[in-house]
Amino acid sequence: MTPISSPDLPRAQAELLKPDSSNSNRRRVADAHLKRYPRDPVVLYAYIASHMRDTIKWSIGNDDRTRYPWALGRALATAFEVLAQPDSQASPIRPALARATNVAAALLALEDRPDAAALEQAGLRLDAYKALDAQPFQDYEREQWFPDSHYRAARGRLRAWQAVLDSETRAQPEFGFLADYIESRDLRWAFDPLVLRPQFQAWARRELRERRGSRGGGAIEFDCVDSYRNHATVPEKQMSALIVGRLLAALLAGMPNLVSNAWRLSLFKLPGTAIYLDALFAAGLDPNATMRDGHPLLHYAVEKGDTVAVQAYLAAGADPLREVGNDNALDYANSVAVKKLLEDATRPRAAPADVAQLQSGATRLNPAEADFWAGLYGDSAGDFDATLAELQRTPPESWNDALGGALSQRAPWHHLLLARSLALAGVRQSPCGTPGREPMWVCGDLHINGPLELSHPLVVTGDLTVDGPILDCDESLLVVAGSLKARALITEGALLVGGDCELGEFLWGDYNDQQLIVRGGLSVPLLVLSDHIARIGDEDRVGYRLDDPDQAGLSDWFVRQAFENEWLSRDRIARLFKSGQPVLRARNAPTPVFASALSCSRM
């Protein structure tokens, strides 16, 4: 194709105005009656160049970008008509007009999704622009529209499209367009087709992580929010991918203000916040970075209720307990979802499970002890070796995890022997979790200041002391390798105590689905078993024992409010405990022999 600077202007004009695959439905020339020019060539240049400048501005922001090819085509058609005039009329502005026209024509050729022919045309236009370097720039050019930065933008866009249309193996080397991206300023949208590519975004993230800590080519203005608001190049559903692509390109080409962009993301809660923050983190944003007032970015995300941003900050390592004026992130949480995220993040993590320590403790177990527990369930002590072998093959991340994994299908006596093994190995770990509300394994002693309601397994390798009552359910599991002390115990589930059990008021075992096993002695004023299996090593300190009592027999011991439909109610008893009301009748209060067991405080 012939460049504009050659004398064959009619051919060049015909080639430019010929419809192509990328702009077949867009009008590129204006109606003839719209073309009326001043006679002064410089004024004429200003008229044409200003149209080109304004057209490019129309392509930015919230304006209607569909006007861009049509208006730019009109300005180019006018320029071609002037360049086709005799030299006496056009010579004063010919170099300037040729420069502007070549760049504008290249930008127009790269509009939409150009094909190989359009790329070739754009390349020739840019070559023609460079061929005019020997012609000095005039002052009026700089005043109206100095196209040099737009030339760099068009050159970068050409390289970007060559990468898009090229093979995958050769695409990445073409990502060197970034030097042109930083020069383009208001023409960065020209690179949108490339930055949208998943291959580019994956490559950009890798590059950012490799370059982390080193600055890019210079300062660059970029704002995720403004870019989101002022887009006009893609449908709404592609906006998140487009903005993160623009952000990645800006981060690679220069160094936008990381903190400012992150702050504004939470301020406006844009769709796609997580991927924008991921790009900023990859570029070196500190998740604990602070604004000028000293507040971390996490505090702003929490205050705005931006759960997506809060998750991203926490995952990147932000500290939710960092205080500013005695307030941490939890103090700014107005959203239930955000508050839960922060509470989960501040909850202690379970210590890792050490299977080697478990094996060491298991070798110290008395074989008679293993036989005792296995025999209660009609099993063989050799089954425990299989459990140890399975844990050895697939070690759990923590003992809490083991309760929902390898041990979930094991009989309760396996849990007790494992707890005994860890106790013999001297394993001590800080408790992690909420007892009763989630599966929890405690390596050591556990003291609960209040009641304990069990809906999930709880295993304690040491002693368990509960200042209130214990209430479980038929699907729960409570295993205490040491001794157990509580105010009262209402049990329907599996409950195993390796040592003694001391209760201040009563023990009620209900239903026969599970069983209660206390290997040591049981100390309790009143033992009630309603169709419930109990295996107790020593009952000498049991005041009264009621086996399968009727309603009349229970009424002698429990207050009327503890019954529902003429039967003892677990829920009613629980409400009485919570309200601080007595459960047992006063005249049947425990005798002095159990006074020591009453030292546990009431709820």
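Counting from 1, residues in each chain are numbered in the order their sequence is written. For a predicted model such as this one, the threshold for reporting local features is a pLDDT of at least 70, and the threshold for listing and counting side-chain atom pairs is 80 or more; totals across whole chains, interfaces and linings nevertheless cover every residue. Note: side-chain values were computed over all heavy atoms of the structure, leaving out hydrogens and water.

### Comments concerning the overall build of the chain
We apply this condition: We count a stretch as a helix when DSSP gives it H or I for four or more residues in a row; a strand needs E for two or more, and each element gets its number in order from the N terminus. Accessible area is worked out with a 1.4 Å probe on protein chains only. A residue is then buried under 20% of its type maximum, exposed over 50%, and partly exposed in between. Residue exposure ignores everything except the shown protein chains as possible cover, and the areas themselves are Shrake-Rupley values with a 1.4 Å probe.
When helices and strands are tallied, the chain shows 26 helices and 16 strands. Looking at the 603 residues of the chain, the share that counts as buried comes to 50%. Carbon and sulfur atoms provide 47% of the accessible area of the chain, an area that totals close to 27000 Å².

### Looking at the nonpolar core
Here is the rule: In this text, buried Ala, Val, Leu, Ile, Met, Phe, Trp, Tyr and Cys residues form a nonpolar core when linked through side-chain atoms within 4.5 Å. In this analysis, two residues are considered to be in contact whenever any of their non-hydrogen atoms come within 4.5 Å of each other.
Counting residues in each nonpolar core, the largest one holds 43 residues, and the members touching the most others are L277, L280, V302 and Y313. Counting only elements with at least two residues in this core, the list comes to helix 12 (198-211), helix 14 (239-253), helix 15 (258-268), helix 16 (273-282), helix 17 (297-303), helix 18 (307-316) and helix 19 (336-346). The leading source of residues in this core is helix 14, at nine residues. The contact partners of L277, leaving out residues within four places of it in the chain, are A262, L265, A309, A312 and Y313. Residues L422, V459, V479 and I517 belong to the second largest nonpolar core, which totals 32 residues.

### Examining the pattern of salt bridges
The condition that has to hold: Whenever a carboxyl oxygen of Asp or Glu lies within 4 Å of a side-chain nitrogen of Lys or Arg, that contact is scored as a salt bridge.
Summed over all chains, the structure comprises seven salt bridges. Residues E505 and R487 are paired through a salt bridge, measuring 3.0 Å at the closest nitrogen-oxygen approach. A residue pair is termed long-range when its members are at least 10 positions apart, and E505 in the loop between strand 11 (501-503) and strand 12 (506-510) and R487 in the loop between strand 8 (484-486) and strand 9 (489-491) qualify at 18 residues. Per residue, the accessibility class of E505 equals that of R487, and both read buried.

### Overview of the pairing of strand 7 (residues 477-480)
Quick note on the threshold: In this description, strands pair whenever DSSP reports at least two bridges between them.
Residues L477 and V479 line one face of strand 7 and the alternating positions L478 and V480 line the opposite face, and both faces are buried. The pairing of strand 4 (residues 458-460) with strand 7 spans three bridges and is parallel. Bridged to V459 within strand 7 is V479. Of the pairings in the sheet, the one linking strand 7 to strand 10 (residues 494-497) comprises four bridges and is parallel in character. Its bridge partner lying in strand 10, V480 is registered against V497.

### Quick word on the pairing of strand 12
Within strand 12, five of the five residues are buried, leaving the element largely enclosed by the surrounding structure. Here strand 12 shows no split at all, with F506, W508 and D510 on one side and L507 and G509 on the other all buried. Pairing analysis gives three bridges linking strand 9 to strand 12, with the strands arranged parallel. Across the sheet, residue L489 finds its bridge partner in strand 12, namely L507. Pairing of strand 12 with strand 13 (residues 515-530), which is carried by five bridges, proceeds in the parallel orientation. Within strand 13, the residue paired with L507 across the bridge is L527.

### Notes on the packing of aromatic side chains
We count it as follows: Each pair of aromatic rings taken from Phe, Tyr and Trp, with Trp reduced to its six-membered ring, is defined by centres within 6.5 Å and is described as stacked if the planes are under 30 degrees apart, edge-to-face if over 60, and tilted in the remaining cases. A ring is considered to have a charge above it if a Lys NZ or an Arg CZ atom is located within 6 Å of its centre and within 35 degrees of its normal.
Applying the stated criterion to the full structure yields seven aromatic pairs. Summarising the aromatic geometry, the rings of F506 and F577 are spaced 6.2 Å apart at their centres and angled 15 degrees between planes, so their arrangement reads as stacked. Taken together, the residues F506 in strand 12 and F577 in helix 26 (residues 570-579) connect sequence positions 71 residues apart. As far as the burial class goes, F506 and F577 line up, both buried. Here the aromatic residues F506, F558 and F577 are joined through ring pairs into a cluster of three or more. Lying across the ring of F372, R519 places its NZ or CZ 4.6 Å from the centre.

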